[in-house]
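Topology and contacts: notes
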Amino acid sequence: MTVSEAYNTLLALSRADKPYSSAEESIISNLYTEVTGKKVRDCNCRDKWRDAVIEALLYLKKHKAMREKCDYKLRAGVILHISGSSEVYTNDNLTNEVAEKFLKDNPNAVGRFAVIPQPKAESKPKRKKK
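Summarised in this report is the structure supplied together with it.

Parameters at a glance
- Residues numbered from 1 in each chain as written.
- Predicted model: local features only at pLDDT ≥ 70, side-chain atom pairs only at ≥ 80, totals over all residues.
- Heavy atoms only, no water.
- Helix = DSSP H or I, 4+ residues; strand = E, 2+ residues; numbered from the N terminus.
- Buried < 20%, exposed > 50% of the residue type's maximum accessible area, 1.4 Å probe, protein only.
- Expected span 1.5 Å × (residues − 1).
- Arc of directions from axis to C-beta.
- Contact = heavy atoms within 4.5 Å.

**A short note on unusual backbone geometry**
Even without a glycine there, the phi angle at Lys64 is positive, about 55°. Counting through the fold element by element, Lys64 comes out in the loop between α3 (48–63) and β1 (73–74). By relative accessible area, which is 62% here, Lys64 ends up exposed.

**Thoughts on helix α2 (residues 22–36)**
Every α-helix carries 3.6 residues per turn, so stepping three or four residues along brings you back to the same face. Taking 1.5 Å per residue as the helical rise, α2 with its 15 residues ought to reach 21 Å, and the 21 Å between its terminal C-alpha atoms agrees with that figure. What α2 keeps buried is the set Ile28, Leu31, Tyr32, Val35 and Thr36. Burial along α2 is one-sided: seen end-on, the buried residues are contained in an arc of 105°. Away from its buried face by more than 90 degrees, α2 exposes Ser22 and Asn30. Of the surrounding elements, those touching the buried residues of α2 are α1 (3–12) and α3. Downstream of α2 by a residue or two, Gly37 has a phi angle that is positive, lying close to 80°.

Structural data, given as C-alpha cells:
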C-alpha cells in the first residue's frame, strides 16, 4: 500500500460520529502497524481506535513515508547515542543502517541489542548431476 492510499484510508476512517465496526477495527490495526511499526494499545478504552487513526495520520503527515521495519532491537531501556553528534536512537526510530554502522564502529556494544539478525548465507551454486 502506498503512503497516499494509507493516508486516504485513514482520513476516511477519522470520523467521530459513530463507533467502528470490527472490520474497520481490523483495517485500522493493520494500517497502524504498517505505518508506525507498532501495535494498537491493548486496552478496553473506547477511543483506542480513534487514537490509532489520528496517530497514524500524524505520522504520515510528518514523515511522508511509512516506518521502515528494523531487524535490530535494542534491549529494554537502552538508547544509542552516536558520539560526536546529537543523534539519539531508540527502538522507535532505529534503522538497520544506523544499527549496522553503530555496531561496526562499536563492536563491543552487542550487549545493548536484544536482537541482531544473522547474516544471510549466500547461496552456493548448484552442482550439475552427472
